[in-house]
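Single-letter residue listing:
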Amino acid sequence: MESKMANENEKGNQSTDDWQTGARSIPQSAIRNPQSAIRTLLIATSNKGKVIELASLLEGLNCRVIGLEDLSQVPPPVEETGTTFIDNALIKADYYHAITGLLTLAEDSGLEVDALDGRPGVYSARYGGEGLSSADQIALLLEEMKDVPEEKRTARFVCGIALVDAKGEMAIRRTFEGRCEGRIAFTPHGAGGFGYDPIFIDAELGRTFAELSREEKSSRSHRGMALRATIKYLETLLKG
Ligand code: ITT
């Protein structure tokens, strides 16, 4: 497993009073008091495909998992200005933690294609311009790759996860990374997953991510790998 962990420094300082969570999710006291907020985990992503994959793997944890939609006011997205997946995951986790005061998990991920010098990389969500559908992005990528032979179609999915929290005066900032090697198909295959899944062929299984069951994808994927390392850390954090 190629996961790594890093300790970081201080947290953001935006007021937690500006934002509230919906009645069905967290009591107000949980937001304003970091001690009681420790057992609510905010998954800070607006990508529904990610939420489905993350939530099912986090089920066994001794905490309440909520998403951005459980906040009564969903904060506007933060600009992802980092040059690495880890940088961007930290930007998002810091931002949503500063707003809510909750233990926050954010994730940044994408596809690195060797024949395109690592593109779309951290720009995977915005590849081809803001608002393009996944189907359009796939068509664009296949067009860019149309003259690239099979042996040069190597690629990988990379996922950076950041966990941010505060325990009393102590700031917690941890990061985890996962990778999955594969290659870009000539045409899309499969109906599962999301994003670039229909054109990413897993190097070991020889099928696209969109052809895998949810369990198979989790066991192989960049996100599953990074999340398993995150969960190990969370199990200790939530005990203490
Ligand atoms: P948040 O920032 O709200 O989490 P986002 O979709 O903008 O959502 P990213 O900036 O991390 O997320 O972009 C990741 C993009 O990379 C995502 O939109 C997909 O196009 C692609 N991607 C990441 N993981 C993937 C996966 O498992 N399968 C297919 N495509 C994936």
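Per chain, residues are indexed from 1 in the order of the written sequence. Per-residue local features of the predicted model are confined to residues with pLDDT of at least 70, and side-chain atom pairs are confined, for both listing and counting, to 80 or more; whole-chain, interface and lining totals are unaffected and use all residues. Only hydrogens and water are set aside when side-chain values are computed; all heavy atoms of the structure are taken into account.

Draft legend 1. Just the overall build of the protein chain, in detail. Labels follow the DSSP assignment, with helices taken as runs of H or I lasting at least four residues and strands as runs of E lasting at least two, numbered in each case from the N terminus. Looking only at helices and strands, one finds seven helices and seven strands in the protein chain. Going from the N terminus to the C terminus, the protein chain shows its helices and strands as β-α-α-β-α-β-α-β-α-β-β-β-α-α. Think of it in three bands: with a 1.4 Å probe and only protein chains considered, a residue is buried below 20% of the maximum accessible area for its type, exposed above 50%, and partly exposed in between. Among the 240 residues that make up the protein chain, the fraction classed as buried is 50%. We call two residues contacting when some pair of their heavy atoms lies within 4.5 Å. The contacts of the protein chain with a sequence gap of at least 6 include a subset with a gap of at least 24, amounting to 65%. Split by element, the accessible area of the protein chain, about 11400 Å² in all, is 50% carbon and sulfur. Surface exposure here means Shrake-Rupley accessible area, sampled with a 1.4 Å probe, where a residue is shielded only by the protein chains that are shown.

Draft legend 2. Looking closely at the packing of aromatic side chains. Centres within 6.5 Å are what make two rings of Phe, Tyr or Trp a pair, Trp counting through its six-membered ring; a difference in plane orientation under 30 degrees is then read as stacked, over 60 as edge-to-face, and the rest as tilted. Across all of its chains, the model carries five aromatic pairs by this definition. Ring plane angle 65° and centroid distance 4.9 Å describe the contact between Phe 200 and Phe 209, whose orientation is recorded as edge-to-face. Aromatic rings pair up to connect Phe 157, Phe 200 and Phe 209 into one cluster. Charges are assigned to positions over rings by a cutoff of 6 Å between ring centre and Lys NZ or Arg CZ, combined with an angular limit of 35 degrees from the ring normal. For the cation-ring pair, Arg 153 lies above Phe 186, with the distance from its terminal atom to the ring centre recorded as 3.8 Å.

Draft legend 3. Just the site of the ligand, in detail. Close to the ligand lie 20 residues, the nearest being Thr 45, Lys 92, Asp 197, Lys 217 and Arg 223. Here a polar contact is taken to be a pair of N or O atoms separated by no more than 3.5 Å, where protein atoms must pair a possible hydrogen donor with a possible acceptor and residues adjacent in sequence count only if both atoms sit in side chains. Separating an oxygen atom of the ligand from a backbone N or O atom of Ser 46 is a distance of 2.8 Å. In the complex, the protein chains occlude 90% of the 610 Å² of accessible area that the ligand would expose alone. Those elements that provide at least two residues to the shell around the ligand are strand S4 (103-113) and helix H7 (222-239). By residue number, the principal contributor to the shell around the ligand is S4, which donates four residues. Gly is placed with the polar residues, together with every amino acid not listed as nonpolar (Ala, Val, Leu, Ile, Met, Phe, Trp, Tyr, Cys and Pro) or charged (Asp, Glu, Lys and Arg). Among the residues making up the shell around the ligand, the classes are represented as four nonpolar, eight polar and eight charged. Whether a residue is near a molecule or strand is decided by its heavy atoms; if any one of them lies within 4 Å of it, the residue is near.

Draft legend 4. View of the pairing of S4. Of all eleven residues in S4, eleven are buried; the element is thus mostly enclosed. Burial along S4 is two-sided: Leu 103, Leu 105, Glu 107, Ser 109, Leu 111 and Val 113 facing one way and Thr 104, Ala 106, Asp 108, Gly 110 and Glu 112 facing the other are all buried. Being paired, for any two strands, means DSSP has found at least two bridges between them. As paired elements, strand S2 (residues 40-43) and S4 share three bridges and run parallel to each other. If you follow Ile 43 over to S4, its bridge partner there is Leu 105. Inspection of the sheet shows S4 paired to strand S5 (residues 154-167) by ten bridges, in the antiparallel sense.

Draft legend 5. Local environment of the pattern of salt bridges. By definition, a salt bridge exists where a carboxyl oxygen of Asp or Glu is found within 4 Å of a side-chain nitrogen of Lys or Arg. All chains considered together, the criterion is met by 18 salt bridges. For Lys 50, the salt bridge goes to Glu 107, with nearest N and O atoms at 2.6 Å. Pair noted here: Lys 50 is in helix H3 (residues 48-58) and Glu 107 is in strand S4, with a separation of 57 residues, a long-range link. Just as Lys 50 is buried, Glu 107 falls in that class too. Between Glu 53 and Lys 217 there is a salt bridge, with its nearest N and O atoms 2.7 Å apart. Here the residue Glu 53 occupies a position in helix H3, and Lys 217 occupies one in helix H6 (residues 214-220), the gap between them amounting to 164 residues. On the basis of relative accessibility, which here comes to 8%, the residue Glu 53 falls in the buried class. Accessibility expressed as a relative area gives 4% for Lys 217, which makes it buried.

Just distances and angles here, no functional claims.
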